[in-house]
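Examination of the molecular architecture
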Amino acid sequence: MTEITPFSERVRMSLRETLLDAAADLLAEHGFAGLRMVDVATSAGVSRQTVYNEFGSKAALVNAVALRTVSEFLDGGEERWRATSNLATGLHAVVEYTVRHGRENRLVASVLGGAQSEDLLPLLTTRAEPVFRPAIEQTVGNLTERVPTLPPEAAAVIAETIVRLSVSHMMLPGGTPCEAADAVCAVILPAIDAHS
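Residues numbered from 1 in each chain as written. Predicted model: local features only at pLDDT ≥ 70, side-chain atom pairs only at ≥ 80, totals over all residues. Heavy atoms only, no water.

On to the overall build of the chain. The helix and strand inventory of the chain stands at nine helices and zero strands. Secondary structure elements of the chain occur, N-terminal to C-terminal, as α-α-α-α-α-α-α-α-α. Counting only residues that meet the buried cut, the chain has 40% of its 196 residues in that class. A fraction of 68% describes how many contacts in the chain between residues 6 or more apart in sequence connect residues 24 or more apart. Surface exposure of the chain reaches about 10,300 Å², of which carbon and sulfur atoms provide 57%. (Helix = DSSP H or I, 4+ residues; strand = E, 2+ residues; numbered from the N terminus. Buried < 20%, exposed > 50% of the residue type's maximum accessible area, 1.4 Å probe, protein only. Contact = heavy atoms within 4.5 Å. Areas by Shrake-Rupley, 256 points an atom, 1.4 Å probe, with all protein chains shown as cover.)

A few words now on the packing of aromatic side chains. The tally for this structure, following the rule as stated, stands at zero aromatic pairs. Lys58 extends its terminal NZ or CZ atom over the ring of Phe32, reaching a point 4.3 Å from the ring centre. In this structure, Arg146 packs its charged tip against the face of Trp81, placed 4.1 Å from the ring centre. (Phe/Tyr/Trp six-rings, centres within 6.5 Å; stacked < 30°, edge-to-face > 60°. Lys NZ or Arg CZ within 6 Å of the ring centre and 35° of its normal.)

Our focus in this paragraph is the environment of Tyr52. Inspection of the secondary structure puts Tyr52 in helix H3 (residues 48-55). Owing to a relative accessible area of 32%, Tyr52 belongs among the partly exposed residues under this scheme. In sequence terms Tyr52 and Met37 are 15 residues apart; their C-alpha atoms lie 7.7 Å from each other. Residues within four places of Tyr52 in sequence aside, it is in contact with Met37 and Ser57.

What follows is about the confidence of the model for the chain. Looking at the chain as a whole, the pLDDT averages 86, with 85% of positions reaching at least 70. Averaged pLDDT values over the elements of the chain bottom out at 71 in helix H6 (residues 106-113) and peak at 96 in helix H9 (residues 177-195). (pLDDT = per-residue confidence, 0-100.)

Turning next to the state of the cysteines. Evaluated as defined, the whole model comprises zero disulfides. Left without a disulfide partner, Cys178 is nearest to the cysteine sulfur of Cys185, which lies 9.3 Å away. (Disulfide = S-S within 2.5 Å.)

What follows deals with the packing of helix H8 (residues 152-171) against H9. Where H8 meets H9, the axes come as close as 10 Å, and the angle between the chain directions of the two elements is 170°. The angle between H8 and H9 places the two elements in the roughly antiparallel class. Residues Ala154, Ile158, Thr161, Ile162, Leu165 and His169 of H8 form the contact with H9, whose participating residues are Ala180, Ala183, Val184, Ile188, Ala191, Ile192 and His195. Residue classes in the contact of H8 with H9 are distributed as ten nonpolar, three polar and no charged. (Axes fitted to C-alpha atoms, helices over the stretch in contact; angles between N-to-C directions. Parallel < 35°, antiparallel > 145°, perpendicular 65-115°, else oblique. Nonpolar A, V, L, I, M, F, W, Y, C, P; charged D, E, K, R; others polar.)

Quick look at the nonpolar core now. As a rule of thumb, nonpolar side chains are buried together in soluble globular proteins. With 31 residues, the main nonpolar core has Val95, Leu143, Leu150, Ile158, Ile162, Ile188 and Ile192 as its most contacted residues. Counting residues per element, the ones that place at least two in this core are helix H4 (58-82), helix H5 (87-104), helix H7 (129-146), H8 and H9. Considering each element in turn, this core owes the most residues, eight residues, to H8. With sequence-adjacent residues up to four places away left out, Leu150 is seen in contact with Leu143, Thr144, Ala155, Ile158, Ile192, His195 and Ser196. (Core = buried A, V, L, I, M, F, W, Y, C linked by side-chain atoms within 4.5 Å.)

As for its placement among the helices and strands, Leu20 is situated in helix H1 (residues 7-34). Taking the C-alpha atoms as reference, Leu20 lies 9.6 Å from Ala66; in sequence the two are 46 residues apart. Setting aside its immediate chain neighbours within four residues, Leu20 contacts Phe55, Leu61, Ala64, Val65 and Arg68.

Attention now goes to the pattern of salt bridges. A side chain of one charge can pair with a side chain of the opposite charge if their charged atoms are brought near each other. If you walk through the whole model with that rule in mind, you get eight salt bridges. A salt bridge links Glu54 to Arg16; its shortest N-O distance comes to 2.9 Å. Of this pair, Glu54 sits in helix H3 while Arg16 is found in helix H1, placing the two residues 38 residues apart along the sequence. In this structure Arg16 comes out as partly exposed when scored by relative accessible area, which is 26%. Residue Arg36 pairs with Asp39 through a salt bridge whose shortest N-O separation is 3.0 Å. For Arg36, a relative accessible area of 47% corresponds to the partly exposed category. Within this structure, Glu17, Asp21 and Arg68 form a network of salt bridges that share partners. (Salt bridge = Lys/Arg side-chain N within 4 Å of Asp/Glu carboxyl O.)

Laid out in structure tokens, this is it:
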């Protein structure tokens, strides 16, 4: 039997998404320092107090935007992983998607090279744990699913390397997303073979 979400909860979830959309757009345009809760409220058509009631602070709002963005990346990567049948094509598809989506995503693009990038860049560098950790955990799960002989310690190191290399190719483009995926696979696939 399908569980029905109460109307009030659906309204709250819709409001939260509307606020996150408004905040993401404003972050891409103005950065963290230029983001004002009153502007988020105005853009969403609610009061400033509503934004504070939902998130508590500007930092919490920005963290929620970052986590939602990470979730979009993880969901898209997982779709591509599940659409493939072997390790090499799955890894290539996920890395290519990640790099392409990162370059096309307005918020990520502003973090990487926008006028307001300095105050958002720590989300991918010095304060990247909330961004990297779920991606690494998902990658560990996918690797050990397809290569059950891969020891857990090796899977963790290889997964972290995949995530860091993918983000590096997003931040410092040296070719197409497909070429980035080729480069990551050229390094990672032999490492997996050596450890399994």
